[in-house]
Amino acid sequence: MAKLTLSLDGMLLKEFSLVKERTTIGRKPGNDIQIDNLAISGEHAVILSILNDVFLEDLDSTNGTNVNGQPVKKHLLQNGDVIELGKYRLKFIAEAKQQIAQEDFEKTMIIRPEAMRKPVEKTDEQAAPGQAPAAPPAAPAAPAPSAAAIQVLTGASAGKQMDLVKTLSTLGKPGVQVAVIARRPHGYFITHVEGAVFPSINGRQLDAQAHPLNDHDIIELAGVKMEFFFKI
């Protein structure tokens, strides 16, 4: 399970497990992570956990939010990232499967020339006496998801198209209704992250869980209709 460790001047104060999809950080008592310090806004930032991704969003705080020394508004957290809130530090520690998912998604596979040479396979009949038959070849790796895009169908931006090339693509209007489309090795998923009303797909309102997207699905979000489609 992913977690955050809170420290001040190098001294560990507390540890928080990220068990919720939405974890709030701020000075007010109602926050999941409360930091009672005047440098921290009442509702300072939020941690959003979507599938295997965890990202940080600053909630227009007075003093801002830094990650690894750089100011951020939205940031996809990587293992070891340090969130800086005034003099306080929150270190993000990803669970093992999250680290593996990030590495699998981002790394480039390098094929060495010798790996391209197909080894000579022996049949069971050709195996030497007493020798066990060769193990069957490993199953091929899962293919990368097809390229996809969103086209706006209504509103002032009707006709505009956005390619979904990033790991996380944010849609909607901050403060009104926001959703995120996550690009994973096994497809695209949409998740509601902000707003009292959940987005709908093909006229059906979503719940809090991530929802897989299919070719030509119609998304309605913040009063705008858009079409998700795979690019050929």
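Residues numbered from 1 in each chain as written. Predicted model: local features only at pLDDT ≥ 70, side-chain atom pairs only at ≥ 80, totals over all residues. Heavy atoms only, no water.

A short note on the sheet that holds strand β20 (residues 217-221)
Definition in use: For two strands to be treated as a pair, DSSP must find at least two bridges joining them. Working definition: helices are DSSP H or I runs of at least four residues, strands are E runs of at least two. Numbering for both runs from the N terminus.
Strand order in this open sheet of 6 strands is β13-β12-β21-β20-β17-β18, and the pairing throughout is antiparallel. Each edge of the open sheet is held by one strand with a lone partner, namely β13 (161-163) and β18 (204-205). Here strand β17 (residues 200-201) runs beside β20; their pairing, made up of 2 bridges, is antiparallel. Considered in β20, the bridge of serine 200 is made with glutamate 220.

Looking at the sheet that holds strand β14 (residues 168-173)
Sheet architecture is open: 4 strands sit in the order β14-β15-β16-β19, paired in antiparallel fashion. Of all strands in the sheet, those bounded by a partner on one side alone are β14 and β19 (211-212). As paired elements, strand β15 (residues 177-184) and strand β16 (residues 187-194) share 7 bridges and run antiparallel to each other. By the bridge assignment for β16, alanine 179 is matched with histidine 192.

Section: the layout of surface pockets
Counted only if it meets this: Cavities and pockets are defined on a 1 Å grid built over the protein atoms alone: a cavity is a set of grid points where a 1.4 Å probe fits but cannot escape, while a pocket is an open set with protein on both sides within 12 Å along at least five of seven lines, and lining residues are those with an atom within 4 Å of any such point. Grid points are joined across faces, edges and corners, and a volume is the space filled by probe spheres set on the points. Charged residues are taken to be Asp, Glu, Lys and Arg, nonpolar residues to be Ala, Val, Leu, Ile, Met, Phe, Trp, Tyr, Cys and Pro, and polar residues to be all remaining types, Gly included.
By volume, the second largest pocket is sized at about 260 Å³. Around the second largest pocket, the lining is made up of 16 residues, and of these Val152, Ser157, Gly172, Val224 and Met226 lie nearest the centre. For the lining of the second largest pocket, the elements supplying multiple residues, two or more each, are β12 (148-152), β13, β14 and β21 (224-230). The element that contributes the greatest number of residues to the lining of the second largest pocket is β14, accounting for 3 residues. Considering only residue class, the lining of the second largest pocket consists of 9 nonpolar, 5 polar and 2 charged.

Re the pairing of β15
Condition: Buried, partly exposed and exposed residues are distinguished by accessible area as a fraction of the type maximum, computed with a 1.4 Å probe on protein chains only: under 20%, between the cut-offs, and over 50%, respectively.
Along β15, 8 of the 8 residues are buried, which leaves the element largely enclosed by surrounding structure. Every second residue of β15 is oriented toward a common face, with Gln177, Ala179, Ile181 and Arg183 on one face and Val178, Val180, Ala182 and Arg184 on the other, all of them buried. In this sheet, β15 lies alongside β14 in antiparallel orientation, the contact comprising 6 bridges. The residue bridging glycine 172 from the neighbouring strand is valine 178, located in β15. Hairpin connection, β14 to β15: the antiparallel pair is bridged by 3 residues, and glycine 175 has positive phi, about 85°. Between β15 and β16, which pair antiparallel one after the other, the connecting turn spans 2 residues.

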